[in-house]
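Chain by chain, the residues:
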Amino acid sequence: MSAKAEILARVRAAVTDLTAPLGARGETPWVDQAAASPAETIELFVENVIDYKAQVVRVGPDGVGGAIRDALTAYGASSVVVPSGLDPAWVSALGDGVRIVADEGLGSLDLDAIDSVITASAVSIATTGTIVLDHGPDQGRRALSLVPDVHVCVVHASQVVHDVPEAVFRLHPQEGMPRPLTWISGPSATSDIELDRVEGVHGPRTLHVILIEA
Amino acid sequence: MTAEPLTEPTAGPLQATSPTFVGMPKFPYAARTALGNTQQRRNLAHATGVIRAKRAKVVAEIDRWEELRQAGADAKDELLGHMAAYLEQLETNLTKGGATVHWARDAAEANRIVVDLVKGTGATEVVKVKSMATQEIELNEALEAEGINAWETDLAELIVQFGHDRPSHILVPAIHRNRSEIREIFRKEMGLVGRPAPDDLTDEPKRLAEAARLHLREKFMRATVAISGANFAVAETGSLVVVESEGNGRMCLTLPDTLISVVGIEKVLPTWQDLGTFMQLLPRSSTGERMNPYTSIWSGVHEGDGPQNVHVVLIDNGRTHVLADPVGREALRCIRCSACLNTCPVYERTGGHAYGSVYPGPIGAILNPQLRGTASDVDKSLPFASTLCGACFEACPMRIDIPKLLVHLRAKVVDAKGRNTVEGRAMAAGAWAFGDAKRLARLQKASTLGGKILGNRQLPALPGAIGQWLSIRDIPELPAQTFRQWWADRERKGGAS
Amino acid sequence: MSPATSTRPKVALFATCYNDTVWPGTPIATVKVLERLGCEVVFPEAQTCCGQIFTNTGYADEAIPLVRGFVDTFGGYDYVVAPSGSCVGAIREQHHDLAERAGDAALVRRVDTVVPKVYDISEFIIDVLGVTDVGAYFPHRVTFHPTCHSIRVAHVGDRPQRLLQSVRGLTFVELPQATECCGFGGTFSVKNPDVSISMASDKARHVRETGAEVLVAGDNMCLMNIGGVLRRQRAGVRIMHLAEILASTEEDPA
Ligand code: SF4
């Protein structure tokens, strides 16, 4: 018998005492916290992102380019990699001091030599301060937002949901072309040494969030 | 609907005790040694104290925590009742997504599959994401035996690997080490296998993490094969989920060409939406954070993004044995969050090594004797390594009634050992005494009399267990009269005033 | 003092085997408090033990006759009260499963009718009698250890503390790390003596830190464990069961 057939046979033999039919629990339960108002959801999101020691800058729809320029200047980034589908307006304000690199055939070592990355995002969660990337064209493949040390991430207020179940719902993989997801809650961190939290290990040590509000 | 006659569940084979843990002493003996390790005692008391407080704070933020726990338990119970269906669904969807699924009955088979896959790529080293499943099957040892270096990339696992040590905690495997010990380990070991620790390395956690970053970066950049586990495997969508903090997971899951994930068959979630529950339960219970810094989710191969050669190895290794026990199977709901360890007063004092398995603490005490059976000294003793205080059950996000399972396993140990033991005879005598109130009353009379004879109860040192007990405690004076006698006297005198 | 209920409730006292034998003062105090609060207390003499010691040591089969004995003895009463969170917890959590293990459906049904009528003394006074001030007087500095089985198995909550805080003259001091186990755990303290000693010592240290004269709990086994350490240390801390404090009055001080 193949390993698969044998394991499945064992599994079936192990539960002959159970009678509930498949899916007897019904719809997958949805347990979340209610949002008081959209405004409070946004405030909670900002508060929780800051709590993770990430930076948050709030701008109007026209302020993104300037905010990105200011951020890269502040971190002293002299190079930035951009995903192919990024809104060109976002990098239009960058001066000559910053080398803009398109993601064309870059290897890990090439990425490692670049100071920063700018991405959009898919969904964000207020109760946890989480930003989810689905690595669409405005976010780029996963390595892009991983290897460079500064991640500037643009979140639109309309993308912020209140709690985890709703985010999960919105991120349901598309039949036929599921996307990989990366959930980001603050910069990389470890608590492995005496349970003391240290920000900044392998992932970007700086997470800079630009929140666009209408 | 026709009523099918129910049959007794039949159990799959037990897990073979891995070479590392063969011959482990009984828990009480290992515990005695651990209790004497002052450095470890201090490290553990500090770390568990910190994490308990953090967990309590973020759990209190969620009003509907109990509903969440129930939803989590229900999802896993749905899985456990229909595991064959969900495993097949998972395989179908993974395959559709471009992954190759392998099945392994036991550790040896799983290791052989992984070793062959790695060899097939021509790689002589792999980077690893922290994974309980690969520790359980001792994959690193199997790879090394074939000349393949396995680099652990989680900071704590790195500390353990460099320290030639064993993990002592599910989530924070180096919880028994403090910062100065870690500094020494890094200084001694890093240079032997790659970029050495900087000369001026201090014991500041920030500096230590920085040293690990620099050391591992080389390995991430050149690795062609990564090995991971998975926190969840979603049957509905064929998605694997890895929850982590440091970004080492993202490095391993993203940069190499080949990714091999070793996943226990109980890690499956029926539906995608179940993640809405589990992604609340797990981070708050494990690290005491609202959300862990990074979670990676992939569904097979994603064109132009990440590994293009994706394998998933589904392992049984004793799990179907656990599944067949109608009471014990709820242990398979476990999501390895480690909340039960952090809250356990026994674990806090003994640390993880005394449990003789990669699964320590309360979950280890119920899981190991079920996965491996109760033939060995350590597995026989584990169900008794608890005061049944219930702190673990209260903390467990999956509502695993650990005390109840411990009691259930105690009965199994006793049933297997038989009752012709000192303890068994004492218990039989006790049961006989309690079997009848009149008999009990006669025996009580004798004991109160004994109380008078023994006077002030400052007993001389007694041998054995009772002696141990009395070595630190005085025992109460026995009363002149039992309650039963008092009541009878009062009744005789006319009852209540 | 008048109880909230107008009729005189009839209470069957489950003294528990170890209180009956070793600490009769506790069930005696229970009788006094309940009678003071207007209950009629009876002591069904056929009672012995809830079986917990057997179940928790792995001797489930030995416990089954005791479950049967318990329902035989207490099946006819509306209220069964015990001065032990641990035994009440065991009855609630284990008797049903033991009856199932026995494969005796009738026993399962009888257990399921008796169990909801079983109360820890703190639950009975607050929930059934509707009283928090039981009219006790105890002019001492007191700390309280909420025993594991009373809070996590029987789920008595903070009822004992509420009762204590209503006692006249009593100064209540919080116990640091109160909800941590004292290390007794029945046969645990014998099978794992080293860990048990470590836990009991820490608990005793926390008790001493409070500067209390008296350590109170709702389970005498745990008190024996902690109290045994305190006494060996000549700590000068007295141990008392909750019922004994509640029974104490100016006229009849404990
Ligand atoms: S038993 Fe529960 S608390 Fe312990 S690790 Fe598993 S899920 Fe977490």
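The paragraphs below set out a description of the structure included in this document. (Residues numbered from 1 in each chain as written. Chains lettered and ligands numbered in written order. Predicted model: local features only at pLDDT ≥ 70, side-chain atom pairs only at ≥ 80, totals over all residues. Heavy atoms only, no water.)

### Let's talk about the side chain of R372(B)
All names here are of chain B.
And then number 1: Topologically, R372 is positioned in the loop between α16 (361-371) and α17 (377-381).
And then number 2: Among the polar contacts made by the side chain of R372, one reaches the main-chain carbonyl oxygen of G356 at a distance of 3.0 Å.
And then number 3: Apart from residues lying up to four places away in sequence, R372 is in contact with L14, Q15, T17, F21, Y355, G356, S357, V378 and D379. (Helix = DSSP H or I, 4+ residues; strand = E, 2+ residues; numbered from the N terminus. Polar contact = N/O pair within 3.5 Å; in protein donor to acceptor, adjacent residues only side chain to side chain. Contact = heavy atoms within 4.5 Å.)

### Thoughts on the pairing of strand β7 (residues 258-264) of chain B
Residues and elements named next belong to chain B.
And then number 1: Across the 7 residues of β7, 7 count as buried, placing the element largely inside the fold.
And then number 2: With burial as the criterion, each face of β7 is covered, one bearing T258, I260, V262 and G264 and the other bearing L259, S261 and V263.
And then number 3: Where strand β4 (residues 225-228) and β7 come together, 4 bridges link them in parallel fashion. From the neighbouring strand, A226 faces β7, where its bridge partner is L259.
And then number 4: As defined by bridge partners, β7 adjoins strand β10 (residues 309-315) across 7 bridges and the pair is classed as parallel. By the bridge assignment for β10, I260 is matched with H311. (Buried < 20%, exposed > 50% of the residue type's maximum accessible area, 1.4 Å probe, protein only. Pairing = 2+ DSSP bridges.)

### Things to note about the interface of chain A and chain B
Interfaces are frequently sized by the accessible area removed from exposure as the parts join.
And then number 1: Chain A puts 83 residues into the contact, and the matching count from chain B is 106 residues.
And then number 2: Between chain A and chain B, the buried area comes to about 7800 Å², and carbon and sulfur atoms account for 57% of it.
And then number 3: Of all residues in chain A, R142(A), L195(A) and H202(A) give up the largest surface area on contact with chain B, accounting jointly for 11% of the area buried on that side.
And then number 4: At the surface where chain A touches chain B, the tally comes to 16 salt bridges.
And then number 5: Residue R142(A) pairs with D305(B) through a salt bridge whose shortest N-O separation is 3.1 Å.
And then number 6: Taken together, the elements giving at least two residues each to the side of chain A that touches chain B come down to α1 (3-14), α2 (38-51), α5 (108-112), α6 (164-170), β9 (181-184), β10 (189-190) and β11 (198-199) of chain A.
And then number 7: Looking at the side of chain A that touches chain B element by element, the count peaks at 10 residues for α1(A).
And then number 8: Its residues placed into classes, the side of chain A that touches chain B shows 39 nonpolar, 23 polar and 21 charged.
And then number 9: As judged from the 4 bridges shared by β9(A) and strand β9 (residues 294-298) of chain B, these two strands associate in the antiparallel manner. Along β9(B), the bridge assignment pairs W183(A) with T295(B). (Buried area = accessible area lost by both parts, 1.4 Å probe. Salt bridge = Lys/Arg side-chain N within 4 Å of Asp/Glu carboxyl O. Nonpolar A, V, L, I, M, F, W, Y, C, P; charged D, E, K, R; others polar.)

### Here we look at the interface of chain B and chain C
And then number 1: The interface of chain B with chain C comprises 65 residues on the first partner and 65 residues on the second.
And then number 2: Both faces considered, chain B and chain C share a buried interface measuring about 5600 Å² in area, 58% of it formed by carbon and sulfur atoms.
And then number 3: Taken as a group, M427(B), F434(B) and F483(B) account for 13% of the area that chain B buries against chain C, more than any other trio of residues on that side.
And then number 4: Joining chain B to chain C, the criterion identifies 15 salt bridges.
And then number 5: A salt bridge links E62(C) to R419(B); the nearest nitrogen and oxygen atoms lie 2.6 Å apart.
And then number 6: Inspection of the chain B/chain C interface yields 31 residue pairs in polar contact (both at pLDDT 80 or more).
And then number 7: Classifying every residue of the side of chain B that touches chain C gives 31 nonpolar, 16 polar and 18 charged.

### Considering the arrangement of the chains
And then number 1: Of all 2 pairs of chains in contact, the one with the most contacts involves chains A and B.
And then number 2: With no contact formed, the shortest span from any C-alpha in chain A to any C-alpha in chain C equals 15 Å.

### A word on the sheet that holds β7(B)
Residue and element names in this part refer to chain B.
And then number 1: Taken in spatial order, the 6 strands make up an open sheet running β1-β10-β7-β4-β2-β3, and their pairing is parallel. Since the sheet does not close on itself, it has two edges, and those belong to β1 (100-104) and β3 (149-152), each with one partner. Across the sheet, the mean angle separating the axes of adjacent strands is 25° when strand polarity is ignored. (Axes fitted to C-alpha atoms, helices over the stretch in contact; angles between N-to-C directions.)

### Topic: the site of the ligand
And then number 1: Close contacts around the ligand come from 13 residues, with C334(B), C337(B), S338(B), C340(B) and C396(B) the closest.
And then number 2: Of the residues that constitute the shell around the ligand, the class distribution is 11 nonpolar, 1 polar and 1 charged. (Near = heavy atom within 4 Å.)

### Some remarks on the packing of helix α8 (residues 155-162) of chain B against helix α9 (residues 179-189) of chain B
Working note: a packed helix pair is described by the angle between its axes plus the distance between those axes.
All names here are of chain B.
And then number 1: As a packed pair, α8 and α9 sit with axes 9 Å apart at the nearest point and diverge in direction by 65°. With respect to their mutual orientation, α8 and α9 come out roughly perpendicular. Of the two possible hands of crossing, α8 and α9 adopt the one that is left-handed. Contacts from L155, L158, I159 and F162 of α8 reach α9 at I182, I185, F186 and E189.
And then number 2: Of the residues that constitute the contact of α8 with α9, the class distribution is 7 nonpolar, no polar and 1 charged. (Parallel < 35°, antiparallel > 145°, perpendicular 65-115°, else oblique. Left-handed = near helix turned anticlockwise from the far one by under 90°.)

### A few points about the packing of aromatic side chains
Centre-to-centre distance and the angle between the planes together describe a pair of aromatic rings.
And then number 1: One pass over the structure, following the stated rule, counts 18 aromatic pairs over all chains.
And then number 2: With a centroid separation of 5.9 Å and an interplanar angle of 85°, the aromatic rings of Y18(C) and W23(C) are classed as edge-to-face.
And then number 3: Look at W23(C) and you get buried, because its relative accessible area is 14%.
And then number 4: A centroid spacing of 4.7 Å and a plane angle of 40° characterise the contact between F70(C) and F74(C), whose relative ring orientation is tilted. With F70(C) and F74(C) both in helix α4 (residues 60-74), this residue pair falls 4 residues apart, about one helical turn.
And then number 5: Judged by relative accessible area, which is 4%, F70(C) ranks as buried.
And then number 6: For F74(C), a relative accessible area of 1% puts it in the buried group.
And then number 7: The ring of W151(B) carries the charged tip of K219(B) above its face, separated from the ring centre by 3.8 Å.
And then number 8: Directly above the aromatic system of Y294(B) lies the positively charged group of R250(B), at a separation of 4.4 Å from the ring centroid. (Phe/Tyr/Trp six-rings, centres within 6.5 Å; stacked < 30°, edge-to-face > 60°. Lys NZ or Arg CZ within 6 Å of the ring centre and 35° of its normal.)

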